[in-house]
Amino acid sequence: QDTTFLSQEIPPVFLCFRDRKEWADLEPVPQDDGPNPVVKIAYSEKFSDVYDYFRALLKNDERSERAFALTSEAIELNAANYTVWHYRRVLLQALSKDLREEMRYITAIIEEQPKNYQVWHHRRMVVEWLNDPSEELEFIADILSQDAKNYHAWQHRQWVIQEYKLWDDELDFVENLLEEDVRNNSAWNQRHFVISHTSGFSDAMEREIQYCLYQIKKAPNNESAWNYLKGILQPLGLSAQPGLLERVLELKQTHCSPYLLAFLFDCYEDALENSKENVAEEEQQKTLKKALEICQLLAQEDTIRKEYWLFLGRSLKNKHGSSDPSDEPLADDPEPSVPVSEQQEMS
Amino acid sequence: MAEEESQFEEFEQIDFLRDRHVRFFQRTLQVLPERYASLETTRLTIIFFALSGLDVLDALDVIDRNTMIEWIYSLQVLPTEDQVNLSRCGFRGSSHIGIPYSTKGPGVLHPYDSGHVAMTYTGLCSLLILGDDLSRVNKQACLAGLRALQLEDGSFYAVPEGSENDIRFIYCAASICYMLDDWSGMDIQKAIEYIRGSLSYDNGFGQGAGRESHGGWTYCAIASLCLMGRLEEALSQRELDRIRRWCIMRQQSGFQGRPNKPVDTCYSFWVGATLELLDVFQYTNFDKNRSFILSTQDRLVGGFAKWPDSHPDPLHAYLGLCGLSLIGEPSLRKVHPALNITQRAFQHVQQLQQTWRDSTGSCSRQH
C-alpha cells in the first residue's frame, strides 16, 4: 500500500519516491548527460524523482503494480515520452490489467492533449487488444468538435473505419461537418475517403459534381470544394465530363474565383493534351487561346501567384502553340516546360 | 555586437535581427526550463535545429564543436559485445533511459534502449554540420537498426518497439541512407510504393494512403524521392505538375500547410523547399513570404514563432531562417532543400563520401 500522504503534523504533500519506504529496495537512476550537457532541461526535484525511479524500474524491467502506478505519474509529467508509454503497455499485458479502465484513462489524457502522437498510438493499441472499436467514432467526434481539423483525430478515425469496416454512417458525419464549415478541408478529404472505399465514383459522379457545385455557389472562394471537384474528375480527364465546362463557364459570371479560373485552365489543358486526331488544328488553337486568356486573368486576379500563372501560360504555349509567327507573345521570354533540374536529382 | 541593419530600405519596418537569433540558438543549446519537458526524448532534434540554425546564420563559431560532438556520440546506441542488439542500434534522442554517459563502445545491454529513426537522422546531420567525419559512427549497426524499422507496406516505425508508422520516417530513413552513402538500409521500391500511395486526390501528399494532404508530408515525399534519385521515375510529369500546383496554392502571404488553414512560418520551408526541388519556387511571391516570416520574428528573445505575436520555439526559429534562406536573404547561408542542411555542410558530406569511396576503391552500394 503506497503511503503517499504520510504525514503527522503538516498538511499532505507529495512524498518523493526516494522517501517512500515501499521503494527503498530500488536504487534511483539519474539521467547522465556527461560533463557538458547540451539542451539540458532544468527539472524540478519532483520531476527528477519520478523519472529517476522510472529509469530504475526500466533497467530491471520490473513488472509490478507499483511500476504501473509510476508510469501514470511519469505520463502526467511528460506525456510525450514514448518509452514510458511502451513500458506501460508491457505492464498492461504482463499484469493483465483492465483494458476498459485503460480506455477511460487514455480518453481523459487525449482530451487534455489531443495533438500528441503517443497518446493516439496508445489508444490504437488498446482498441486492437480489446478488438472493440465501439467507442471510437463518438470519441473522435468529440475531439473533432473541439478542433475539426485535428490531423491525429482524423488519422485515427480513418484507421478505425477501415480496420473495423465502420463505413455506414460516415458520409452523414462528413456532410454534417461540411454543413458546419464548408471550408473544412479534412472533411472534404474524408468524403473522398468514404466514397472511394464504398460506392466508388462512377455511379456517384453526377451526385458528387452536383454537391460540389452547390457548395461552391454557397461559398465560391473555397479551395477545398474546387480541389475535390477536380480530384474526382481528374482520373477520367477534366474534359471528358460532358457539359461540365459549360456549367463552370456559367458559374464564372456570378461565382468567380481564382480556383474557378484555374479549373477552367485545367479543363482547356486537358482538352489540348487529350485531343483526338480528328480535332482540327484550328480548334486546338482556339482552346489554347482561351487557356492563355485565363492565365492572363489569373495573373491579374491571383496576384500572389502572378509569375506562376504566366509561367504556366508560356509552358502551355510552347507545348501546343502553332508555328504561326503572328501569335501574340506573352509577358516574359518563352521557356521550355520544366523538367526537374538535374542538380536536384541526387545519386 | 550591434544589431545589423537591414540592407533593404523598403523593408525598414521588418528588419532581420540576426544577432538575436544567434543568441536564441545559443540559449537553446544551454538550459531550457522544465516546461519544455515534452522535448526530452527529442533533444537531439532540438540540437539539430540550433546547430543548423547557427550554420545558416554563419555563426557556428559561437559554440564549442568538440563538446557538442562528444555529447552527440554519447547518444549512439552501439552494438553489445555479442551484437545481440544490432536491430536496435542508431541514436537516442537523449539520456532519458539512464544509460551511463559513454562516447565509445561496446554497447550496454538494456531491455529498453534503442535508437529512434528521427534521432539517428538528426544526430548524423548534427555531426556533419559540426565537421565530424563520422568515424565513430557504427554505420553497419545504424543500417541494421534502420532495416528493422521498415514495414511491409514500405513505411517505417520510429523505434523497434513499435510506434506509429508513416511518411515522416521514410524521409528520416532516406536521409540516413543518403548521408551514409548506403541504401542497404531500406527497400527503396517499397518506400516508393508507400509514397505514391500517399498521393491524395488533390495532388498533395498525406501521411499515408487516404490521409489529408499536408505541406510537411509533401516535403517528406518529394525530398525522399530526390534523395533516392527517383523523383522522375516515381512520378510522371503530369503528376509533378499537379503537385507543383498544390504546393504553390499554399501561399497566402507566407505558406499554409493545408487548404483553408492559417499560414505558419514552418511551411515557408516545408512547402518552399518542395517548390525549390520541383523547380518552381522562383514563381512564388518572395516579398509576401518574407514579410510574413519576419512578422513572426520575436524582436526581444529572437527566434521565430508559427504565427505573429506567439512564442518562438527552436523548430520555427530554424525553419523560419531556412524559409528566408530560400528566398535569398543576404546574410544567410544557402540551404540544401532535400537534406535540410546548409550547402556548406552538404559539401562536407560530399567530400567525406568521396574519401570513403576512395578508401574502399569501389562505388557506393545501390540497392
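Residues numbered from 1 in each chain as written. Chains lettered and ligands numbered in written order. Predicted model: local features only at pLDDT ≥ 70, side-chain atom pairs only at ≥ 80, totals over all residues. Heavy atoms only, no water.

Student: What should I look at first to understand the overall build of chain B in this one?
Tutor: Summing up its helical and strand segments, chain B has 14 helices and 7 strands in all. Expected size for 367 residues packed as a compact globule is a radius of gyration near 21 Å; at 20 Å, chain B falls within 12% of this value. Overall, the C-alpha framework of chain B stretches about 65 × 50 × 40 Å when taken along its three principal axes. Looking at chain B residue by residue over its 367 residues, the buried ones come to 65%. The long-range share in chain B, meaning contacts at least 24 apart out of those at least 6 apart in sequence, stands at 69%. Surface summary for chain B: the accessible area is close to 12,700 Å², and the carbon and sulfur share equals 49%. On chain B, the mean spot of the 34 positive side-chain charges and the mean spot of the 44 negative ones are 3 Å from each other. (Helix = DSSP H or I, 4+ residues; strand = E, 2+ residues; numbered from the N terminus. Rg over C-alpha atoms; globule rule 2.2 N^0.38 Å. Buried < 20%, exposed > 50% of the residue type's maximum accessible area, 1.4 Å probe, protein only. Contact = heavy atoms within 4.5 Å. Areas by Shrake-Rupley, 256 points an atom, 1.4 Å probe, with all protein chains shown as cover. Lys, Arg positive; Asp, Glu negative; His and termini not counted. Charge placed at Lys NZ, Arg CZ, Asp CG, Glu CD.)

Student: I tried to follow the side chain of Glu-212 of chain B on my own but got confused; where do I start?
Tutor: Relative to the helices and strands, Glu-212 of chain B is located in the loop between α7 (188–197) and α8 (215–228). Polar contacts involving the side chain of Glu-212 of chain B include one to the side chain of Ser-186 of chain A, which spans 2.7 Å. Those residues in contact with Glu-212 of chain B that sit more than four places away from it in its chain are Tyr-151, Asn-185, Ser-186 and Asn-189 of chain A together with Phe-205, Gly-206, Gln-207, Trp-217 and Arg-258 of chain B. (Polar contact = N/O pair within 3.5 Å; in protein donor to acceptor, adjacent residues only side chain to side chain.)

Student: Help me understand helix α2 (residues 65–77) of chain A in this model?
Tutor: Since there are 3.6 residues in each turn of an α-helix, residues three or four apart along the chain are aligned in direction. Residue and element names in this part refer to chain A. Its 13 residues give α2 an end-to-end C-alpha distance of 19 Å, which sits within 8% of 18 Å, the value for a rise of 1.5 Å per residue. Within the span of α2, buried status applies to Arg-66, Ala-67, Phe-68, Leu-70, Thr-71, Ala-74 and Ile-75. The inward-facing, buried residues of α2 contact α1 (45–60), α3 (82–94) and α4 (99–112). (Expected span 1.5 Å × (residues − 1).)

Student: Explanation requested: the layout of surface pockets in the structure shown.
Tutor: Over the atoms rolls a probe the size of a water molecule, and in doing so it shows where empty space is left. As a volume, the second largest pocket reaches approximately 590 Å³. As for the second largest pocket, its lining consists of 23 residues, and the residues nearest its centre are Glu-269 and Glu-273 of chain A together with Gln-237, Arg-238 and Asp-241 of chain B. (1 Å grid on protein atoms, 1.4 Å probe; cavity = no way out; pocket = protein on both sides within 12 Å on 5 of 7 lines; lining within 4 Å. Points joined across faces, edges and corners; volume = space filled by probe spheres on them.)

Student: Explain the pattern of salt bridges to me, please; I cannot follow it from the model alone.
Tutor: Two side chains that carry opposite charge are able to pair once their charged atoms sit near each other. Tallying each qualifying case throughout the model produces 45 salt bridges over all chains. As a salt-bridge pair, Lys-97 of chain A and Glu-65 of chain A come within 2.8 Å of each other at their nearest N and O atoms. Of this pair, Lys-97 of chain A sits in the loop between α3 and α4 while Glu-65 of chain A sits in helix α2, and the two are 32 residues apart along the sequence. The exposure class assigned to Lys-97 of chain A is partly exposed, which follows from its relative accessible area of 22%. For Glu-65 of chain A, a relative accessible area of 44% corresponds to the partly exposed category. The closest approach of N and O atoms between Arg-258 of chain B and Glu-212 of chain B, which form a salt bridge, is 2.8 Å. In this pair, Arg-258 of chain B sits in the loop between α10 (237–248) and α11 (266–277) while Glu-212 of chain B sits in the loop between α7 and α8, placing the two residues 46 residues apart along the sequence. (Salt bridge = Lys/Arg side-chain N within 4 Å of Asp/Glu carboxyl O.)

Student: Sorry, what's going on with the UniProt feature "domain: Prenyltransferase alpha-alpha toroid" (unreviewed entry) in chain B here?
Tutor: Residues annotated by UniProt as "domain: Prenyltransferase alpha-alpha toroid" (unreviewed entry) correspond here to residues 16–341 of chain B. As a span, residues 16–341 of chain B carries 45% helix and 4% strand, and end to end its C-alpha atoms are 21 Å apart. (UniProt positions renumbered as here; feature names shortened; annotations may be inferred.)

Student: Please clarify how unusual backbone geometry should be interpreted in this entry.
Tutor: Of all residues except glycine, most have a negative phi; of all peptide bonds, most are trans. Residue and element names in this part refer to chain B. Residue Pro-106 is reached from Gly-105 by a cis peptide bond, and omega for that bond is 0 degrees. Topologically, Pro-106 is positioned in the loop between β3 (90–91) and α4 (117–129). Phi angles above zero are rare outside glycine, and Asp-279 is one such case at about 70 degrees. By the secondary structure assignment, Asp-279 is in the loop between α11 and α12 (286–295). Residue class for Asp-279 comes out buried when judged on its relative accessible area of 16%. You will see that Asp-309, though not glycine, has its phi angle at about 60 degrees, which is positive. Mapped onto the secondary structure, Asp-309 falls in the loop between α12 and α13 (314–326).

Student: How should I be thinking about the packing of helix α1 (residues 18–30) of chain B against α13 of chain B in this particular structure?
Tutor: Relative placement of two packed helices is described by the angle separating their axes and the distance separating the axes. Residues and elements named next belong to chain B. Where α1 contacts α13, the axes come no closer than 11 Å and their chain directions differ by 145 degrees. Classified by chirality, the crossing of α13 by α1 is left-handed. Along the contact surface, α1 presents Phe-24, Phe-25 and Thr-28, while α13 presents Pro-314, Ala-317, Tyr-318 and Leu-321. Class assignment for the residues of the contact of α1 with α13 results in 6 nonpolar, 1 polar and no charged. (Axes fitted to C-alpha atoms, helices over the stretch in contact; angles between N-to-C directions. Left-handed = near helix turned anticlockwise from the far one by under 90°. Nonpolar A, V, L, I, M, F, W, Y, C, P; charged D, E, K, R; others polar.)

Student: Looking at this structure, I do not really get the interface of chain A and chain B. What am I missing?
Tutor: Accessible area lost upon the coming together of the parts is a frequently used measure of interface size. Of the residues lining the interface, 77 residues belong to chain A; the matching set on chain B comes to 85 residues. A buried area of about 7,200 Å², summed over both sides, lies between chain A and chain B, and 50% of it is on carbon and sulfur atoms. At the junction of chain A with chain B, the criterion picks out 4 salt bridges. Residue Arg-245 of chain B pairs with Asp-266 of chain A through a salt bridge whose shortest N-O separation is 2.8 Å. (Buried area = accessible area lost by both parts, 1.4 Å probe.)

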